[in-house]
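# Structure assessment
Given next are the chains, with one letter for each unit.
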Amino acid sequence: MTVRREAFLQHVKERGEYETLEEAERAARVVLALLGAHLVGEVRAQLAARLPEGFALILLNPLQSAEPLSPERFVRATAAWIEGATEQTAAWDVSAVLSVVADATGDDLLKQILLQLPAGYDLLFGRPQPT
């Protein structure tokens, strides 16, 4: 089931404790563009189908990544794409967006997503996996 744009952004706004929906949208756009560069095939398509249309398009037309980024590098890349961000604020942005994405995906799809990502992304999604 697709999440409505307003609801998605409201959840990101609440989790990220942003003052405006515009701040939440900025974080969501960057994080989803970077995430899309790491996912392929049916998993990326299934995730896109559960996101609001504008965000689905961002996920499906990602920023290019030459190699999978570790969670730490993913956060640094996010900081580089958000004006005025630090690694600490970018970690907050990533967590706010990916925890809402995790809620929208459900456990089965999230497991498939995590299989395509380097170790440690489970923490960015707010869903620590047993070791």
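Calculation notes
Residues numbered from 1 in each chain as written. Predicted model: local features only at pLDDT ≥ 70, side-chain atom pairs only at ≥ 80, totals over all residues. Heavy atoms only, no water. Salt bridge = Lys/Arg side-chain N within 4 Å of Asp/Glu carboxyl O. Helix = DSSP H or I, 4+ residues; strand = E, 2+ residues; numbered from the N terminus. Buried < 20%, exposed > 50% of the residue type's maximum accessible area, 1.4 Å probe, protein only. Expected span 1.5 Å × (residues − 1). Arc of directions from axis to C-beta. Contact = heavy atoms within 4.5 Å. Phe/Tyr/Trp six-rings, centres within 6.5 Å; stacked < 30°, edge-to-face > 60°. Axes fitted to C-alpha atoms, helices over the stretch in contact; angles between N-to-C directions. Parallel < 35°, antiparallel > 145°, perpendicular 65-115°, else oblique. Left-handed = near helix turned anticlockwise from the far one by under 90°.

This brings us to the pattern of salt bridges. Scanning all chains against the criterion turns up six salt bridges. Between D103 and R127 there is a salt bridge; the shortest N-O distance is 2.4 Å. In this pair, D103 sits in helix α6 (residues 87-105) while R127 sits in the segment after α8 (121-124), placing the two residues 24 residues apart along the sequence. A residue is classified by how much of its surface remains accessible, and R127, at 24% relative accessible area, is partly exposed. Each of R5, E25 and R29 takes part in a single network of salt bridges with overlapping partners.

To continue, consider helix α1 (residues 5-16). The first and last C-alpha atoms of α1 sit 16 Å apart over 12 residues, in line with the 16 Å expected at 1.5 Å per residue. Buried residues of α1: F8, L9, V12 and G16, and no others. Along the axis of α1, the buried residues cluster in a sector spanning 90°; they form a single face. Residues of α1 that are buried sit in contact with α2 (21-36), α4 (53-60) and α6. Looking one or two residues beyond α1, the residue adopting positive phi is E17, at roughly 55°.

This part takes up the packing of aromatic side chains. Applying the stated rule across the entire model yields two aromatic pairs. Summarising the aromatic geometry, the rings of F74 and Y121 are spaced 5.5 Å apart at their centres and angled 75° between planes, so their arrangement reads as edge-to-face. With F74 in helix α5 (residues 71-81) and Y121 in helix α8, this pair connects stretches of sequence that are 47 residues apart. A residue is classified by how much of its surface remains accessible, and F74, at 0% relative accessible area, is buried. Note on Y121: relative accessible area 1%, which makes it buried.

Below, the discussion takes up the packing of α1 against α6. α6 packs onto α1 with a crossing angle of 135° between their chain directions and a minimal axis gap of 9 Å. Classed by the angle they form, the pair α1 and α6 counts as oblique. Seen from above, α1 lies across α6 with right-handed handedness. The residues of α6 that touch α1, namely those facing F8, H11, V12, R15 and G16, are W92, A96, V97, S99, V100, V101 and D103.

Spatial relationships are all this shows, so hold off on functional conclusions.
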